[in-house]
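Overview (structure and organization)
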Amino acid sequence: MTPHSLRIGIAGITGRMGQGLVCSAREAGFIVTGGTCRQSGTKITGADPLMNNLRLVRNLSDLLADVDVIIDFTNVSTVVSHAETLAEAGVPWVLGTTGLTADDQRAVNAAADHIAVVQAANFSAGVTLVLRLAREMGAVLSGDRYDAEIVEMHHRQKVDAPSGTALAIGEAVAEGRGTSLAAVRVPAREGQCGVRQAGTIGFAALRGGQIVGEHKLIFTSATEQIELGHRAFDRRVFADGAVQAAKWVVFQAPGLYSMENVLGLA
Ligand code: NAD
């Protein structure tokens, strides 16, 4: 198979990300064979010129006969069944859905024993670098002196909080500090929440309008403040990154990979 004959199936093709993925994949010269969505396919086909000639199905398994890779930006409720279906079919998986529980993540990890999976909370090259820098900052700016807080803002339709990217930034800081986010994460503060504990990582999630995605990591000590920020202007940045990951993942052995692997940073 040459990269240019890549046949891509898109889980969640009618969504905000799904539609961007159709454009990104076609612009990259790849074939989009079809996609899944919650709604009935016949209604959508023809209603939107972008979706013409695409097979829209409800179940992922109905899409797998003629695809080389699945790009999946759907809803967390699909993750376990998608993991099982793709592992059984042996189809590589680019997974962008966020809000996964520990059980969902275990299902992804189990699938990665059988297929190559690229999973990222954020497929932009900029955020991939932010994660790397956050790890380095966490290693240098110790938790006993520097309070780490993460602020994110997204569009009003977003259903999970904090964003997957905010959690990934928190995990990177925790990793840099030799711990895990689960051990140091502070849930949203409200009411009599008490004084801040050293070494913890706090989150604040704002929602409004059509904001594609803004993240800020702030370290504050008694004597200085350091901020690392990222702003996505167009969700095509995630779609382009996911298509790049799809092109890469079809040549990989089974395993769980990140965008750092795709960009050759890890
Ligand atoms: P959306 O609501 O616009 O689209 C969701 C799509 O999934 C639709 O096509 C819908 O029909 C389908 N879907 C939803 N629930 C389903 C179900 N139970 N079964 C089958 N299909 C179902 O959402 P969106 O803004 O496109 O985001 C989708 C996901 O991608 C979210 O989890 C979001 O947080 C995540 N996301 C990740 C990145 C990244 O870079 N990793 C970037 C943006 C969004």
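Our subject in this report is the structure included herewith. (Residues numbered from 1 in each chain as written. Predicted model: local features only at pLDDT ≥ 70, side-chain atom pairs only at ≥ 80, totals over all residues. Heavy atoms only, no water.)

To continue, consider helix α4 (residues 102–111). Quick reminder: α-helices carry 3.6 residues per turn. Residues three or four places apart thus point the same way. Along α4, the residues that are buried comprise Asp104, Ala107, Val108 and Ala111. Summarising the axial view, the buried residues of α4 lie within an arc of 100 degrees, below the 170-degree limit, and thus occupy one face. Summarising the geometry of α4, the exposed residues directed more than 90 degrees from the buried face are Asp103 and Arg106. On its buried face, α4 is in contact with α3 (79–89), β5 (93–95), β6 (116–119) and β12 (255–257). (Buried < 20%, exposed > 50% of the residue type's maximum accessible area, 1.4 Å probe, protein only. Helix = DSSP H or I, 4+ residues; strand = E, 2+ residues; numbered from the N terminus. Arc of directions from axis to C-beta. Contact = heavy atoms within 4.5 Å.)

Another point: the site of the ligand. Close contacts around the ligand come from 24 residues, with Thr14, Arg16, Met17, Arg38 and Thr98 the closest. With the chains in place, 83% of the 860 Å² that the ligand exposes on its own is no longer accessible. Considered class by class, the residues forming the shell around the ligand number eight nonpolar, twelve polar and four charged. (Near = heavy atom within 4 Å. Areas by Shrake-Rupley, 256 points an atom, 1.4 Å probe, with all protein chains shown as cover. Nonpolar A, V, L, I, M, F, W, Y, C, P; charged D, E, K, R; others polar.)

The next thing to look at is the packing of helix α1 (residues 16–27) against helix α8 (residues 236–249). Put simply, α1 and α8 touch, their axes get as near as 8 Å, and they point 55 degrees apart. The orientation of α1 with respect to α8, classified from their angle, is oblique. Crossing angle aside, the handedness with which α1 passes α8 is right-handed. Residues Met17, Gly20, Leu21, Cys23, Ser24, Ala25 and Glu27 of α1 touch α8, and the partners they reach there are Arg236, Phe238, Ala239, Asp240, Ala242 and Val243. (Axes fitted to C-alpha atoms, helices over the stretch in contact; angles between N-to-C directions. Parallel < 35°, antiparallel > 145°, perpendicular 65-115°, else oblique. Left-handed = near helix turned anticlockwise from the far one by under 90°.)

Time to look at the pattern of salt bridges. Applying the stated criterion to the full structure yields 15 salt bridges. With its nearest N and O atoms 3.0 Å apart, the salt bridge here joins Arg135 to Glu260. Taken as a pair, Arg135 in helix α5 (residues 125–140) and Glu260 in helix α9 (residues 259–262) lie far apart in primary sequence, 125 residues in all. According to the relative accessible area criterion, Glu260 is buried, its value standing at 9%. Three or more residues joined by partner-sharing salt bridges are found here, namely Arg132, Arg135, Glu175 and Glu260. (Salt bridge = Lys/Arg side-chain N within 4 Å of Asp/Glu carboxyl O.)

The next subject is the nonpolar core. One finds Ile8, Ile13, Leu21, Val69, Ile71, Val94 and Phe123 to be the most contacted residues of the largest nonpolar core, which totals 34 residues. Residue assignment for this core shows that the elements contributing at least two residues are β1 (7–11), α1, β4 (69–72), β6, α8 and α9. Examining the composition of this core, we find that seven residues originate from one element, α8, more than from any other. Apart from residues lying up to four places away in sequence, Val69 is in contact with Leu6, Arg7, Ile8, Gly9, Val91, Pro92, Val94, Ala246, Val249 and Val250. Core analysis: the second largest hydrophobic core is formed by 21 residues, Ile201, Phe203, Leu217 and Leu228 among them. (Core = buried A, V, L, I, M, F, W, Y, C linked by side-chain atoms within 4.5 Å.)

Here the structure, examined in full by the defined rule, presents two aromatic pairs. A ring pair is formed by Trp248 and Tyr257, whose centres lie 5.1 Å apart and whose planes are at 85 degrees; its orientation type is edge-to-face. For the cation-ring pair, Arg185 lies above Phe203, with the distance from its terminal atom to the ring centre recorded as 5.6 Å. (Phe/Tyr/Trp six-rings, centres within 6.5 Å; stacked < 30°, edge-to-face > 60°. Lys NZ or Arg CZ within 6 Å of the ring centre and 35° of its normal.)

Summarising the element assignment, Asp72 is placed in strand β4. Buried and unpaired, Asp72 has Arg38 as its nearest opposite-charge partner, separated by 12 Å. Polar contacts involving the side chain of Asp72 include one to the side chain of His82, which spans 2.7 Å. Once you skip the residues sitting within four places of it in the chain, Asp72 turns out to touch Ala11, His82, Trp93, Val94, Leu95, Gly96 and Thr97. (Lys, Arg positive; Asp, Glu negative; His and termini not counted. Polar contact = N/O pair within 3.5 Å; in protein donor to acceptor, adjacent residues only side chain to side chain.)

Moving on, we get to the sheet that holds strand β2 (residues 31–36). The strand order across the open sheet built from seven strands is β3-β2-β1-β4-β5-β6-β12, with neighbouring strands paired in parallel fashion. Each edge of the sheet is formed by a strand with only one pairing partner; in this case those strands are β3 (55–57) and β12. Put simply, the sheet's adjacent strands are angled 20 degrees from each other on average, direction ignored. Strand direction decides the pairing type here: β6 and β12, joined by three bridges, are parallel. From the neighbouring strand, Ala116 faces β12, where its bridge partner is Gly255. Taken strand by strand, α3 contacts β1, β4 and β5, and its axis lies near 165 degrees from that of β5. (Pairing = 2+ DSSP bridges.)

Moving on: the side chain of Asp68. Along the chain, Asp68 falls in the loop between β3 and β4. A distance of 2.7 Å separates the side chain of Asp68 from the backbone nitrogen of Arg7, its partner in a polar contact.

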